[in-house]
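Remarks on the overall topology
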Amino acid sequence: MTSVLGIGLLALALLRPTMAFVPIGGGASTHVSITGAALLQKVTETCRAVVEAAGHEFKPTGSSPEELVKACLGPTAKGEVSGAKFHSALQEIYTQNGLVDRNFVSSAPHHFNSEAFLEGRSLIISGMVVIKANIRNENFQAARETLGRVLHTLQDFYSHSNWVELGYKEPFINLIRPDLPLENLADVNTATCSDCASGTCPNPILPNILKQKKLTSGYMGIFSANKPRGKCSHGGASDLTSTAIPRGGISKDERRSDNVALHNAAVNAATAASLQLLEDIRLAAGNNDFLRMMGIARSSVVCFVIDTTGSMSDDIDEARAVVIKIIDSKKGTQDEPSEYILVPFNDPNFGPMFRTTNPDKMKEEISKLTANGGGDIPEMCLSGLQLALTGAPASSNIYVFTDAPAKDIALKDTIVALIRSTKSTVSFFMTGASRRRRRSLRAPSFEDYRDLALASGGQAIRVSKKQLPEATDIILDTSTSALVTVLQRARNPGKQEMFSFMLDKSLQNITIYITGTSITFTLTNPAGVNQTQSEASGKLGTIQNVGNLRRIHLNDDKQTGTWQININSNQPYTLKVTGQSTVTFIYDFVESFKGPHPGYAVLSGCPQAGQPATLMISVIGQRGPSSVTVGNIGLAVVSGPESVSNSTMTDMGNGDILVTIDVVPEGEFVVALKGTDKVSKSEFQRQSTTQMSVSKVNIQSFTRFRNRFDDAWDSSLEPGKAFKLSFSVMTQSTGGQYSISARNDKDFPMDYPPNIILTTGNYTDATLTITPPASTPSGTDVTLTMEATSTNGVDSNYIVLKLSVVTKITDFVQPLCKVVRVLDGECPQDVSQCGPFRWELIANLTDGNGTGIETISLIEGNGSLSYTTLTAPAIQANYSGSCCSQIVKFAAVDKVGNVGHCYHSIVRSSGPPALILSLPLWLCLLTSAFVVRP
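Residues numbered from 1 in each chain as written. Predicted model: local features only at pLDDT ≥ 70, side-chain atom pairs only at ≥ 80, totals over all residues. Heavy atoms only, no water.

**Comments concerning the pattern of salt bridges**
One pass over the structure, following the stated rule, counts 33 salt bridges. One salt bridge connects K231 with E115, and the closest N-O pair in it is separated by 2.6 Å. Here the residue K231 occupies a position in the loop between α7 (207–212) and α8 (260–285), and E115 occupies one in the loop between α4 (108–111) and α5 (117–136), the gap between them amounting to 116 residues. E115 matches K231 in its accessibility class, with the two residues each being buried. For E718, the salt bridge goes to K721, with nearest N and O atoms at 3.7 Å. When salt bridges with common partners are traced through the structure, they connect E138, D289, R292, E339 and R355 into a single cluster. (Salt bridge = Lys/Arg side-chain N within 4 Å of Asp/Glu carboxyl O. Helix = DSSP H or I, 4+ residues; strand = E, 2+ residues; numbered from the N terminus. Buried < 20%, exposed > 50% of the residue type's maximum accessible area, 1.4 Å probe, protein only.)

Given below as structure tokens:
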């Protein structure tokens with residue numbers, strides 16, 4: 001199972017025995033494999049629970065993520081269901097897990113080195129608080145990123161401490177339970193290890209430490225060999241302390257001939273601990289939100305950004321009609337949107353953002369929109385779009401309705417940065433003529449919307465208000481599952497040109513979009529059959545002309561192979577070919593990093609000009625990565641000549657490919673991929689939608705690079721307190737003054753230098769301070785965009801950071817359960833006779849002086865669970881179930897995410913009477929059924 005999840009992004013970072021589980025000496029256990037095994041198991045358990053609760057059978061057809069996702073969505077998910085979002089969610093978690101070894105390389109608490117048990121546990125607890133707060137506020141990306149980091153620290157405990165040497169095989173529950181003490185810890189003056197001259201002794205822990213069951217961990221020195229006398233070292237070539245007596249180390253990162261049993265025990269304990277932590281998060285979040293965090297969803301999120309000024313009455317009516325049509329036509333199918341988002345904007349106001357997974361609530365909310373106000377022509381369109389881009393998940397489809405240019409045109413560069421960061425697709429529906437001419441380079445115009453649509457791979461559709469209902473068919477096309485782009489091109493100025501593209505057997509619902517004016521075209525299939533723009537219904541497809549949009553929907557009997565379309569126009573135009581297919585890919589531009597644990601990190605911002613570009617690509621097939629073969633990957637210029645750059649590919653296994661492109665195209669480009677689908681036995685081509693370019697400027701943030709210990713992860717802010725963020729800027733071009741701009745989507749006060757002086761090839765450091773108001777709700781997600789631009793405006797680059805505002809939590813006590821009465825006397829001893837009989841249980845639930853119980857849910861048992869009002873200090877829970885189901889388990893979650901369990905079993909035993917559990921008892925299982933103390 002774990003081989004399915006072998007993600008290549010961190011593979012090169014795990015080749016040396018340093019700070020993490022590494023595949024040395026024939027072992028295959030890494031942080032990636034441990035995390036992947038735990039995630040896959042927990043997602044599978046959650047999917048099974050959800051599907052079976054809906055009355056269906058959970059039966060994946062195979063072990064690939066694609067097949068798991070399809071089974072998880074249930075029998076109504078017929079047709080094409082893509083696993084791309086699940087892959088992306090896994091990648092984010094793995095990436096952040098691995099970056100702990102870069103960003104916190106010398107921090108003892110992040111790795112449980114140097115006896116930092118209390119501090120390491122504090123990091124885990126604070127991280128769990130952040131994750132739960134993020135999920136509560138539907139900030140799933142931020143939750144995934146913190147989850148990856150927390151899992152790394154938790155897993156390192158079992159490799160870097162002597163937990164398994166002490167004979168413990170189960171996880172140390174106290175690490176995720178702050179109400180339980182960490183006891184019997186070795187202090188700084190206690191010797192813990194014997195000398196190991198060879199450096200590879202099986203177990204150098206001193207006998208008295210083992211006998212007394214004292215916890216200790218190895219010291220790690222990257223820059224110094226100093227450590228307290230008698231203390232264990234981490235060990236390995238990168239640990240300078242391992243040469244100081246006592247020599248050697250106790251790290252179980254590697255699987256060597258001398259430590260096979262200890263390494264395996266550490267891996268097993270780390271995997272079980274990861275499952276334990278994931279189960280706690282799952283219970284706090286609920287099954288549905290846990291799966292949403294993991295990217296298990298039918299289709300893309302559908303987001304509407306709607307102008308509500310006085311002239312927009314007809315447009316609002318059409319947007320409302322489209323939403324209702326989507327909801328009614330796709331409900332219960334594989335194309336049902338996983339979430340609906342609505343952002344209104346006016347002048348001078350915009351928002352608030354409304355989001356829901358309930359289609360009826362979306363209908364209700366959009367029905368409330370009315371057109372009023374406005375005044376001058378430009379409106380706050382980009383402010384509304386910024387709110388959508390920062391609030392919606394990555395790779396969302398965003399549709400903007402407006403009849404006026406943007407008043408807030410200064411946000412355009414920020415919008416481009418957010419589009420590139422989120423890879424979301426933005427399409428504009430523009431009604432009415434532009435009632436003003438561009439008076440300067442920065443004066444707003446409808447062309448700005450065309451630029452943004454092209455940057456995202458979307459469409460800029462200009463129609464009259466009467467034509468708008470016809471144009472919105474594109475929303476039904478693109479708000480679908482498994483949507484892929486085959487080809488995307490743009491020409492400005494327009495010219496006559498022939499474009500070729502390849503259609504494969506896996507593609508369905510193929511649609512060609514051409515936007516522009518004064519356009520003629522001829523479409524040709526592989527057999528040489530033609531259809532021109534004048535044939536509304538021809539041999540190849542159906543053509544719809546509305547405003548500046550030509551929509552060509554190919555007939556179902558389309559031929560596979562190479563198609564051509566000859567377009568002629570002297571005006572600017574765009575071309576896009578899309579379809580539905582589970583054969584796709586996900587990608588990230590990455591940069592290498594050095595140090596004791598070298599590897600690759602996802603690049604925030606544009607790749608550096610004058611240097612090779614590096615990408616990590618995961619190819620996804622109909623039955624997992626093994627069902628496709630990749631032929632070529634390169635960068636294609638959307639607005640330039642028909643060519644794809646050459647690349648060098650390194651197969652990382654499991655569909656993951658490291659791609660190096662020595663010569664990066666000038667201008668803006670997309671990722672293009674060709675290969676063979678083994679299932680349909682046909683060649684395919686795919687293309688990314690988001691345009692990227694290179695830059696001679698580099699801007700980096702050090703929000704996660706601090707090597708000092710803090711009781712919260714470095715991306716967390718506290719309400720009412722200033723948060724300092726260090727950043728550095730460098731240019732490979734001419735030095736001089738560069739302007740700095742920063743925006744956040746919550747309008748929190750910020751202070752930063754507006755300009756900095758750069759010298760060529762050298763980084764200049766600076767600091768930004770952001771202060772969330774004291775009234776900011778815990779779990780609020782903040783998207784911060786920073787840009788550095790040369791004085792002449794020729795060169796710029798950006799970074800996009802996700803920060804979380806989390807209130808300091810003082811309530812770490814889980815809700816308590818006491819079973820006060822069990823009526824099971826009618827249940828027969830012979831379980832085969834259980835059919836007509838039932839049993840009942842009554843329990844009292846309390847949260848002591850905590851924040852109060854928020855939810856109670858049935859975890860195990862097929863009966864019915866009811867309870868009194870949750871606002872009462874003591875809540876009575878009543879369970880009634882069949883005697884055929886003899887175990888009940890339900891969870892109580894308080895308002896900050898602490899989870900308590902109530903468990904009871906009426907299983908009869910054939911052993912001595914003392915073992916029979918038919919008498920009433922109470923059992924409060926908080927997160928786990930056991931507590932182990934050293």
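That was the structure; now back to the text.
**Some thoughts on the sheet that holds strand β5 (residues 425–431)**
Taken together, 6 strands build an open sheet; the order of strands is β3-β2-β1-β4-β5-β6 and the sheet is mixed. Looking at strand neighbours, the two that pair on one side only are β3 (354–356) and β6 (460–463), the edges of this open sheet. Adjacent strand axes in the sheet meet at a mean angle of 15° when their direction is disregarded. Note that β5 and β6 share 4 bridges and pair parallel. By the bridge assignment for β6, F428 is matched with A460. In the packing of helix α14 (residues 446–456) onto the sheet, the strands contacted are β4 (397–402), β5 and β6, and the crossing angle to β5 comes to about 155°. (Pairing = 2+ DSSP bridges. Axes fitted to C-alpha atoms, helices over the stretch in contact; angles between N-to-C directions. Contact = heavy atoms within 4.5 Å.)

**So, empty space enclosed by the protein**
For the coordinates displayed, the defined rule picks out 5 cavities of 30 Å³ or more. Taken as a whole, the largest cavity encloses approximately 120 Å³ of empty space. What lines the largest cavity is a set of 15 residues, and nearest its centre among them are M128, V129, K132, F812 and N898. In terms of residue count, the dominant contributor to the lining of the largest cavity is α5 (4 residues). For the lining of the largest cavity, a count of residues per class yields 9 nonpolar, 3 polar and 3 charged. (1 Å grid on protein atoms, 1.4 Å probe; cavity = no way out; pocket = protein on both sides within 12 Å on 5 of 7 lines; lining within 4 Å. Points joined across faces, edges and corners; volume = space filled by probe spheres on them. Nonpolar A, V, L, I, M, F, W, Y, C, P; charged D, E, K, R; others polar.)

**Here we look at the environment of A71**
Along the chain, the position of A71 falls in helix α2 (residues 65–72). The spacing of A71 and F58 is 13 residues in sequence and 6.2 Å in space, taken between C-alpha atoms. Other than its neighbours up to four places away in sequence, A71 contacts V51, F58, K59 and P60.

**Let's talk about the side chain of S682**
Relative to the assigned elements, S682 resides in strand β23 (residues 682–687). Classification of S682 as buried rests on a relative accessible area of 8%. Here the side chain of S682 touches K505 through a polar contact of 3.1 Å, landing on its backbone nitrogen. Not counting residues up to four positions away in its chain, the partners in contact with S682 are D504, K505, G675, T676 and D677. (Polar contact = N/O pair within 3.5 Å; in protein donor to acceptor, adjacent residues only side chain to side chain.)

**Here's the deal with the packing of helix α12 (residues 381–391) against helix α13 (residues 412–422)**
Between two packed helices, what matters for the description is the angle formed by their axes and the separation of those axes. Running from amino to carboxyl end, α12 crosses α13 at an angle of 20°, the nearest separation of the two axes being 10 Å. Looking at the two axes, α12 sits roughly parallel to α13. Seen from above, α12 lies across α13 with left-handed handedness. On α13, the residues that touch L382, L385, Q386, L389 and T390 of α12 are K412, T414, I415, L418, I419 and T422. Among the residues making up the contact of α12 with α13, the classes are represented as 6 nonpolar, 4 polar and 1 charged. (Parallel < 35°, antiparallel > 145°, perpendicular 65-115°, else oblique. Left-handed = near helix turned anticlockwise from the far one by under 90°.)

**Describing the state of the cysteines**
Inspection of the entire model under this criterion finds 6 disulfides. With a sulfur-sulfur separation of 2.1 Å, C196 is cross-linked through a disulfide to C201. Residues C196 and C201 share a disulfide whose torsion about the S-S bond is about 100°; that sign makes it right-handed. A relative accessible area of 1% means that C196 is categorised as buried. Judged by relative accessible area, which is 24%, C201 ranks as partly exposed. The side chain of C817 participates in a disulfide bridge whose partner is C902; the two sulfur atoms lie 1.7 Å from each other. Here the residue C817 occupies a position in strand β33 (residues 816–823), and C902 occupies one in strand β39 (residues 899–905), the gap between them amounting to 85 residues. Look at the protein and number its bonded cysteines as they come in the sequence; the links are 1-2, 3-6, 4-5, 7-12, 8-10, 9-11. (Disulfide = S-S within 2.5 Å.)

**Looking at the nonpolar core**
Buried together is how nonpolar side chains tend to be arranged in soluble globular proteins. L147, Y158, L277 and M294 are the most contacted members of the largest nonpolar core, which has 60 residues in total. Elements supplying a minimum of two residues to this core: α1 (31–53), α2, α3 (84–103), α5, α6 (140–160), α8 and α9 (287–293). Looking at which element gives the most residues to this core, the answer is α8, with 11 residues. Filtering out sequence-adjacent residues up to four positions away, L147 remains in contact with L39, I93, I131, L277, L278, I281 and M293. Membership of the second largest hydrophobic core comes to 55 residues, among which are F589, I657, V664 and M692. (Core = buried A, V, L, I, M, F, W, Y, C linked by side-chain atoms within 4.5 Å.)

**What to know about the sheet that holds strand β27 (residues 736–744)**
If you walk across this open sheet you meet the 5 strands as β25-β32-β31-β27-β29, and the pairing is mixed. Sheet topology places β25 (716–717) and β29 (755–758) at the edges, where each strand pairs with a single neighbour. Sheet topology note: the β27/strand β31 (residues 780–790) ladder contains 7 bridges and is antiparallel. Residue pairing in the sheet places Y738 in a bridge with S790 of β31.

**Examining the packing of α1 against α8**
At a minimum axis separation of 9 Å, α1 and α8 run at an interaxial angle of 40°. Put simply, α1 runs oblique to α8. Relative to α8, the crossing made by α1 is right-handed. Contacts between α1 and α8 involve I34, A38, L39, Q41, K42, E45, T46 and A49 on the former and, on the latter, V267, A270, T271, S274, L275, L278, E279 and R282. Here the residues of the contact of α1 with α8 sort into 8 nonpolar, 4 polar and 4 charged.

**Quick look at unusual backbone geometry**
Of the consecutive residues D347 and P348, the connecting peptide bond is found in the cis state with omega at 15°. Note that P348 resides in the loop between β2 (340–345) and β3. Cis geometry is found at the peptide bond from N492 to P493, where omega equals 5°. Mapped onto the secondary structure, P493 falls in the loop between β7 (483–491) and β8 (497–503). In the Ramachandran plot, K681 falls in the positive-phi region, its phi being about 55° despite a non-glycine side chain.

**With respect to the pairing of strand β10 (residues 520–524)**
On any regular strand, side chains alternate: one points to one face of the sheet, the next to the other face. When β10 meets strand β14 (residues 561–568), the two strands line up antiparallel, connected through 5 bridges. Bridge pairing in β14 places T522 opposite N566. The pairing of β10 with strand β11 (residues 530–532) spans 3 bridges and is classified as antiparallel. Residue pairing for β11: T524 is matched across the bridge by N530. The antiparallel hairpin formed by β10 and β11 contains 5 residues in its connecting segment, where G528 sits at a positive phi of about 90°.

**Looking at the packing of aromatic side chains**
Per the stated rule, a full pass over the model turns up 18 aromatic pairs. Arranged with centres 5.3 Å apart and planes meeting at 75°, the rings of F112 and F157 form a pair that is edge-to-face. Taken as a pair, F112 in the loop between α4 and α5 and F157 in helix α6 lie far apart in primary sequence, 45 residues in all. Look at F157 and you get buried, because its relative accessible area is 0%. Through successive ring pairs, a cluster of aromatic residues spans F112, F117, F157, Y158, W163, Y168 and F172. Against the face of Y587 rests K423, its NZ or CZ located 4.4 Å from the ring centre. The side chain of R462 reaches across the aromatic face of F446, ending 4.5 Å from its centre. (Phe/Tyr/Trp six-rings, centres within 6.5 Å; stacked < 30°, edge-to-face > 60°. Lys NZ or Arg CZ within 6 Å of the ring centre and 35° of its normal.)

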